Amino acid sequence: MSEHRHYFTDESLSLNQAHSYNLLLQINANSFNYAITFNNQLLSWAEDYPLDELKDPKALRDVLTANYKQVIIGLVSTGFTLLPNSLFDKDHVADVARLLDVQDNENVYFQAADKDNVIIYKVNHDLTTNLADFDNPTVNHKAIGWITAIAKNKPADTSLYVNIANDTAEFLTFSNTSLRFYNCFTYKNHEELAYYSAFVAQELKLEPQTTSIIMSGDVNDTDKCVAYLAEFFNEVKLNTIELLELPQKVDSHKILTLAALSLCASSEEN
């Protein structure tokens, strides 16, 4: 894992005012990212801190122990399935979870993925042991905010949304603005990324010559993967959705999935 990257802290940030702020935490398999927001303004953003820092904060002690208005968490899953609402019964979640081959060191969660579907997912227990240290956090699947953000921006049926992070590519498509497909794959290089992109498009019967790849996460428009994908698809571009007020030096596509957790705030925040 790379050394942590601290991208931005606004000079107005004062943790004495944390009761007015939201803390967004994106917890990955081996690291976590965080952002602090006030209303729709980004006050701080950093990535790739080791999970040990959540268990025993040192560098981020002040950040992680402040008394926030709300803590919103996105958890990476070790497996998941999507079910239409019409087939979902919360009293039978354990039956569905058997399909996920849940291990003794995993917990099972479920929540609405959109208005038509529920996501049932499992999470390594080690990622959740310290969540009780936060005051009544809102816990979500890592992708829920991203899915919600795309859905709110009238996605085209011919768009394939791709988020890149930690050698994993998440793929998302919609049909008539309703969630059609979500899945993720690990990959090693730009050729494998192109393979999975083509595989998903083929499975969904999306014609490459009319399909747009819209990318977010750890990617730049000058990266080899962007140029390589452009050889096969109609266009490849970065996602321009901006959910928070960002400083000029912060690219909205890089912080999109983390910022999108702000859309998962509890009802009293909306």
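All values reported here derive from a predicted model rather than from experimental measurement.

Caption draft 1: Quick peek at the overall build of the chain. Helix and strand counts for the chain stand at seven helices and 14 strands. In terms of C-alpha radius of gyration, the chain reaches 18 Å, essentially the compact-globule figure of 18 Å for 270 residues. The principal-axis extents of the C-alpha atoms in the chain amount to approximately 55 × 50 × 35 Å. Residues counted as buried form 49% of the 270 residues belonging to the chain.

Caption draft 2: The pattern of salt bridges, seen in detail. One pass over the full model with this rule turns up nine salt bridges. With a closest N to O distance of 3.5 Å, R5 and E47 form a salt bridge. Of this pair, R5 sits in strand β1 (residues 5–9) while E47 sits in strand β4 (residues 41–50), and the two are 42 residues apart along the sequence. Of the residues examined, R5 reaches a relative accessible area of 30% and is grouped as partly exposed.

Caption draft 3: Up close: the state of the cysteines. This structure, assessed with the given rule, holds zero disulfides. C184 takes part in no disulfide bond, and the closest cysteine sulfur to it belongs to C264, at a distance of 17 Å. On the accessibility criterion, C184 (31% relative accessible area) is partly exposed.

Caption draft 4: Inspection of the packing of aromatic side chains at higher detail. Scanning the entire structure with this criterion turns up 14 aromatic pairs. With a centroid separation of 5.3 Å and 75° between ring planes, the pair formed by Y228 and F232 is classed as edge-to-face. The class for Y228 is partly exposed, based on a relative accessible area of 22%. When its relative accessible area of 42% is taken as the criterion, F232 is described as partly exposed. An aromatic cluster of three or more residues is present, and its members are F171, F185, Y195, Y196 and F199.

Caption draft 5: Fine view of the sheet that holds strand β14 (residues 235–238). Across the sheet, five strands lie side by side as β12-β11-β10-β13-β14; this open sheet has mixed pairing. Looking at the sheet topology across the chains shown, the edges are occupied by β12 (178–186) and β14. If you compare each strand with its neighbour and ignore which way they point, the axes differ by 20° on average. With eight bridges joining them, strand β11 (residues 168–175) and β12 adopt antiparallel strand pairing. Bridge pairing in β12 links E170 to C184. Sheet strands in contact with helix α4 (residues 144–151) are β10 (159–165), β11, β12 and β13 (212–217), and its direction is about 35° off that of β11. Packing of helix α5 (residues 190–203) onto the sheet brings it into contact with β10, β11, β12 and β13, and relative to β12 it is tilted by some 150°.

Caption draft 6: Geometry of the nonpolar core. Residues L23, L25, F32 and Y34 are the most contacted members of the largest nonpolar core, which totals 57 residues. Considering each element in turn, this core owes the most residues, five residues, to β4. Once residues within four sequence positions are removed from consideration, F32 is found in contact with L25, Q26, I27, E47, D48, Y49, P50, L51, E53, L54, L60 and L64. Counting 22 residues, the second-largest nonpolar core is a separate cluster that includes I164, F171, A194 and A201.

Caption draft 7: Local environment of α5. Here α5 contains 14 residues, and its C-alpha end-to-end distance of 20 Å stays within 8% of the 20 Å for a straight helix at 1.5 Å per residue. When we look at burial in α5, the residues that qualify are L193, A194, S197, V200 and A201. The buried residues of α5 all sit within an arc of 130° when viewed along its axis, so they share a single face. More than 90 degrees from the buried face of α5, the exposed residues found are Y195, Q202 and E203. Backbone geometry just downstream of α5 places K205 in the positive-phi region, at approximately 60°.

What counts, and where the lines are drawn
- Residues numbered from 1 in each chain as written.
- Predicted model: local features only at pLDDT ≥ 70, side-chain atom pairs only at ≥ 80, totals over all residues.
- Heavy atoms only, no water.
- Helix = DSSP H or I, 4+ residues; strand = E, 2+ residues; numbered from the N terminus.
- Rg over C-alpha atoms; globule rule 2.2 N^0.38 Å.
- Buried < 20%, exposed > 50% of the residue type's maximum accessible area, 1.4 Å probe, protein only.
- Salt bridge = Lys/Arg side-chain N within 4 Å of Asp/Glu carboxyl O.
- Disulfide = S-S within 2.5 Å.
- Phe/Tyr/Trp six-rings, centres within 6.5 Å; stacked < 30°, edge-to-face > 60°.
- Pairing = 2+ DSSP bridges.
- Axes fitted to C-alpha atoms, helices over the stretch in contact; angles between N-to-C directions.
- Contact = heavy atoms within 4.5 Å.
- Core = buried A, V, L, I, M, F, W, Y, C linked by side-chain atoms within 4.5 Å.
- Expected span 1.5 Å × (residues − 1).
- Arc of directions from axis to C-beta.

Interpretation in functional terms is not warranted from these geometric data alone.
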